[in-house]
Amino acid sequence: MNYQISITGLWRETFAAATTGMRLYLPIAAAFVLLPGVAIELFGPALPKTPAELTPNLVFSALVLPSLIAIVAQAAIVRLAIDKASGIDRSVGEALLVALRLWPLLVVALLLAAVPIGAGLLLFIVPGLYMAGRLTLAMPLVIDGVVAPIAAVRRSWELTEGNGWRIIAFTIMWAAWFLALSAIAAIIGGGVATALNGLGAGAAGAVISSVIGGVVGALFTVFNAVGIALIYLRLRR
């Protein structure tokens, strides 16, 4: 029988591991999540007001491009978190080189995982969430050099047997926590932007508001990647 993950235990371990390694992880997330997000929000095309206004270029620039860039941050943080928990000393630069070298394979692995997840989401959402939990380990399996993309999806399914719902429950807990932080950040950012706009510094207000929101997104990337790394360490065999 597979090791059974404790959600509360994993939460505590993830929080402790992420905060103690934040000096390594946050600069990566800032460079590959926060900065691209701020740049796209400030200089990219305006978001449509209705779904009918969506265009392929807008979808790519607002959704696909930042996600592809964020893979580098997630992979590098997963690599560092695995090494740190295993007592291996690796620099941020080395972790980024590993992530960049494996980036094409990671994209393929995540796309392969996205097919059953997307199909499951279309089937009343719940099956998709379960599939997401079972295929969570595709990235760490590739980044740890265990298997190639196709085998990584299959191996993730094997390793997460009996833990699919626990993994997705853990992920939803983090997402809910950071969603609350995002709402608070949006209120603060909006207040700052309004105040600066009243002082004639609307451009500065927009930048500050975007950065505040971007910081929350960067922190979520850190905690989520560390959590995935710890799940992988618990279940690999």
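Residues numbered from 1 in each chain as written. Predicted model: local features only at pLDDT ≥ 70, side-chain atom pairs only at ≥ 80, totals over all residues. Heavy atoms only, no water.

A few points about the environment of alanine 114
So, step 1. Looking at the element boundaries, alanine 114 is found in helix α4 (residues 92–122).
So, step 2. For the pair alanine 114 and valine 216, spaced 102 residues apart in the sequence, the C-alpha separation amounts to 24 Å. (Helix = DSSP H or I, 4+ residues; strand = E, 2+ residues; numbered from the N terminus.)

With respect to the environment of leucine 26
So, step 1. Topologically, leucine 26 is positioned in helix α2 (residues 22–43).
So, step 2. The class of leucine 26 is partly exposed, set by a relative accessible area of 31%.
So, step 3. The spatial distance from the C-alpha of leucine 26 to the C-alpha of alanine 73 is 9.4 Å, given a sequence separation of 47 residues.
So, step 4. If we ignore the near neighbours within four places in the chain, the residues touching leucine 26 are Ala218, Leu219 and Val222. (Buried < 20%, exposed > 50% of the residue type's maximum accessible area, 1.4 Å probe, protein only. Contact = heavy atoms within 4.5 Å.)

What about the packing of helix α5 (residues 126–134) against helix α7 (residues 149–159)?
So, step 1. At their nearest, the axes of α5 and α7 sit 8 Å apart, and the two run at 100° to each other. In terms of orientation, α5 and α7 fall into the roughly perpendicular class. Across the interface between the two elements, Tyr130, Met131 and Arg134 of α5 pack against Ser156, Trp157 and Glu158 of α7.
So, step 2. Looking at side-chain class alone, the contact of α5 with α7 contains 3 nonpolar, 1 polar and 2 charged residues. (Axes fitted to C-alpha atoms, helices over the stretch in contact; angles between N-to-C directions. Parallel < 35°, antiparallel > 145°, perpendicular 65-115°, else oblique. Nonpolar A, V, L, I, M, F, W, Y, C, P; charged D, E, K, R; others polar.)

Some thoughts on α4
Owing to its 3.6 residues per turn, the α-helix aligns residues three or four sequence positions apart on the same side.
So, step 1. The end-to-end C-alpha distance of α4 is 39 Å, clearly below the 45 Å that 31 residues give at a rise of 1.5 Å each.
So, step 2. At tryptophan 103, α4 is bent by approximately 60°, the largest bend along its length, and proline proline 104 sits one to four residues beyond.
So, step 3. Along α4, the residues classified as buried are Ala95, Leu96, Val98, Ala99, Leu102, Leu106, Val107, Ala109, Ala113, Ile117 and Gly120. (Expected span 1.5 Å × (residues − 1). Bend = angle between axes of the 7 residues up to and from the residue.)

Some thoughts on α7
So, step 1. Buried within α7 we find Pro149, Ala152, Val153, Ser156 and Leu159. For α7, the angular spread of the buried residues around the axis is 135°, confining them to a single face. (Arc of directions from axis to C-beta.)

Focus on the nonpolar core
So, step 1. Tyr25, Ile77, Leu106, Ile143, Val222, Val226 and Ile231 are the most contacted members of the largest nonpolar core, which totals 60 residues.
So, step 2. For this core, the secondary-structure elements that each account for two or more residues are α1 (7–20), α2, α3 (56–85), α4, α6 (138–143), α7, α8 (164–198) and α9 (202–235).
So, step 3. By residue number, the principal contributor to this core is α9, which donates 12 residues.
So, step 4. Among all residues touching isoleucine 77, those that are not within four sequence positions of it are Tyr25, Ile28, Ala29, Thr221, Val222, Ala225 and Val226. (Core = buried A, V, L, I, M, F, W, Y, C linked by side-chain atoms within 4.5 Å.)

A word on the pattern of salt bridges
So, step 1. Tallying each qualifying case throughout the model produces 6 salt bridges.
So, step 2. Put simply, arginine 234 and glutamate 13 hold a salt bridge, and the shortest N to O gap is 2.2 Å. Here the residue arginine 234 occupies a position in helix α9, and glutamate 13 occupies one in helix α1, the gap between them amounting to 221 residues.
So, step 3. A relative accessible area of 30% places arginine 234 in the partly exposed class.
So, step 4. Classification of glutamate 13 by relative accessible area gives partly exposed; the value is 35%.
So, step 5. Across the pair aspartate 144 and arginine 79 runs a salt bridge, and its minimum N-O distance is 2.9 Å. Highlighted residues: aspartate 144 in the loop between α6 and α7 and arginine 79 in helix α3, separated in sequence by 65 residues. (Salt bridge = Lys/Arg side-chain N within 4 Å of Asp/Glu carboxyl O.)

A short note on the confidence of the model for the chain
So, step 1. Per-residue pLDDT for the chain averages 88, and the proportion of residues at 70 or more is 95%.
So, step 2. Ranking the helices and strands of the chain by mean pLDDT puts α6 first, with 95, and α8 last, with 84. (pLDDT = per-residue confidence, 0-100.)

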